[in-house]
Amino acid sequence: MGRAGLTSGRVAEAAADLADKVGFEKITVSALARSFGVADASLYSHVKNVQDLRTRVAVLAASELADRIAAAVAGRAGKDALTAFAHAYRDFALAHPGRYAAAQIQLDPDVAAESAGHRRLAETTYAMLHAYELSEPDLTDAVRLLRSAFHGFASFEATGGFGFSRDIQASWERAIEALHAALEHWPAAPSGDGAA
């Protein structure tokens, strides 16, 4: 493939595809240039350096993940929304490991603020939790619980970390049930937790 037709968007998408194949931390400008059949210099009119390339992949991946989750939870509430959210999250993480890893990186605050995908992920998560009638700081605590549970489960599954004979899908379904129960019966904050 020649230099013609290269755009910043195509470069980011190709880098995301490469990340899914070789791992997010292994994407480089040189590797991406080889995939396009061009010299490294041809890409530097589209990306500043490898950090910029990885940031662009992170922004793209967050947008794709947000799209998947928003489509899954549309028209749902409560446990149905939580279940749809959880499945969309896990499916994306397993199907697109490089993109998923990119979506987890800590971005420069200015970049994160401009990332529509990151904003939509946060908005969709908080909207999904609306049915559980949590207020701050419980709402943020619940978001952190869900993110930790989904990320941990998907990460262990992706690396073969579940070694027992128990069916992984059955464990996943039970985990969602447990999270739903926790959200419905959220414990009162202990006095003096400093959350005011």
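Residues numbered from 1 in each chain as written. Predicted model: local features only at pLDDT ≥ 70, side-chain atom pairs only at ≥ 80, totals over all residues. Heavy atoms only, no water.

Draft legend 1. Expanded view of the overall build of the protein. In terms of regular secondary structure, the protein is built from ten helices and zero strands. Ordering the α and β elements of the protein from the N terminus gives α-α-α-α-α-α-α-α-α-α. Dimensions of the protein along its principal axes, counting C-alpha atoms only, are 60 × 45 × 35 Å. The proportion of buried residues among the 196 residues of the protein is 39%. Long-range pairs, those at least 24 residues apart, make up 68% of the contacts in the protein with a sequence separation of at least 6. If you sum the accessible surface of the protein, you get close to 10700 Å²; carbon and sulfur atoms cover 54% of it. Side chains of the protein carry 19 positive and 24 negative charges; the gap between the two charge centres is 8 Å. (Helix = DSSP H or I, 4+ residues; strand = E, 2+ residues; numbered from the N terminus. Buried < 20%, exposed > 50% of the residue type's maximum accessible area, 1.4 Å probe, protein only. Contact = heavy atoms within 4.5 Å. Areas by Shrake-Rupley, 256 points an atom, 1.4 Å probe, with all protein chains shown as cover. Lys, Arg positive; Asp, Glu negative; His and termini not counted. Charge placed at Lys NZ, Arg CZ, Asp CG, Glu CD.)

Draft legend 2. Structural context of the packing of aromatic side chains. All told, the structure shown has seven aromatic pairs when counted by the stated rule. Here Tyr89 and Phe150 contribute two aromatic rings whose centre-to-centre distance is 5.6 Å and whose plane-to-plane angle is 45 degrees, an arrangement assigned as tilted. In this pair, Tyr89 is assigned in helix H5 (residues 78-95) and Phe150 in helix H9 (residues 138-158), connecting sequence segments 61 residues apart. In this structure, Tyr89 and Phe150 share a single accessibility class: buried. (Phe/Tyr/Trp six-rings, centres within 6.5 Å; stacked < 30°, edge-to-face > 60°.)

Draft legend 3. Quick look at the layout of surface pockets. By volume, the largest pocket amounts to about 630 Å³. Taken together, 21 residues form the lining of the largest pocket, with Ala103, His118, Leu121, Ala122 and Arg147 sitting closest to its centre. Looking at the lining of the largest pocket, the elements that each hand over two or more residues are helix H4 (50-73), H5, helix H8 (116-128) and H9. If you tally residues by element for the lining of the largest pocket, the top one is H9, at six residues. (1 Å grid on protein atoms, 1.4 Å probe; cavity = no way out; pocket = protein on both sides within 12 Å on 5 of 7 lines; lining within 4 Å. Points joined across faces, edges and corners; volume = space filled by probe spheres on them.)

Draft legend 4. Quick look at H8. Taking 1.5 Å of rise per residue, 13 residues should cover 18 Å, and H8 covers 18 Å from first to last C-alpha, within 8% of that figure. Among the residues of H8, those classed as buried are Gly117, His118, Leu121, Thr124, Thr125 and Met128. Take H8 and look down its axis: the buried residues cluster within an arc of 130 degrees, on one side only. The inward-facing, buried residues of H8 abut H4, H5, helix H6 (97-103), helix H7 (109-114) and H9. (Expected span 1.5 Å × (residues − 1). Arc of directions from axis to C-beta.)

Draft legend 5. Region of the structure containing unusual backbone geometry. Going from Glu136 to Pro137, the amide bond is cis rather than trans, its omega being 5 degrees. You can see Pro137 is positioned in the loop between H8 and H9. The phi dihedral of Glu133 is positive, around 55 degrees, even though this residue is not glycine. Along the chain, Glu133 turns up in the loop between H8 and H9.

Draft legend 6. Spotlight on the pattern of salt bridges. Per the counting criterion, the structure on display carries eight salt bridges. With a shortest N-O distance of 2.6 Å, Asp67 and Arg120 are connected by a salt bridge. With Asp67 in helix H4 and Arg120 in helix H8, this residue pair connects regions lying 53 residues apart in the sequence. Exposure remark for Asp67: the relative accessible area of 41% places this residue in the partly exposed category. Owing to a relative accessible area of 26%, Arg120 belongs among the partly exposed residues under this scheme. Three or more residues joined by partner-sharing salt bridges are found here, namely Asp17, Asp20, Glu64 and Arg99. (Salt bridge = Lys/Arg side-chain N within 4 Å of Asp/Glu carboxyl O.)

Draft legend 7. Spatial organisation of the side chain of Asp20. Inspection of the secondary structure assignment puts Asp20 in helix H1 (residues 8-22). Within the local environment of Asp20, its side chain forms a polar contact with the side chain of Arg99, the two groups lying 2.7 Å apart. (Polar contact = N/O pair within 3.5 Å; in protein donor to acceptor, adjacent residues only side chain to side chain.)

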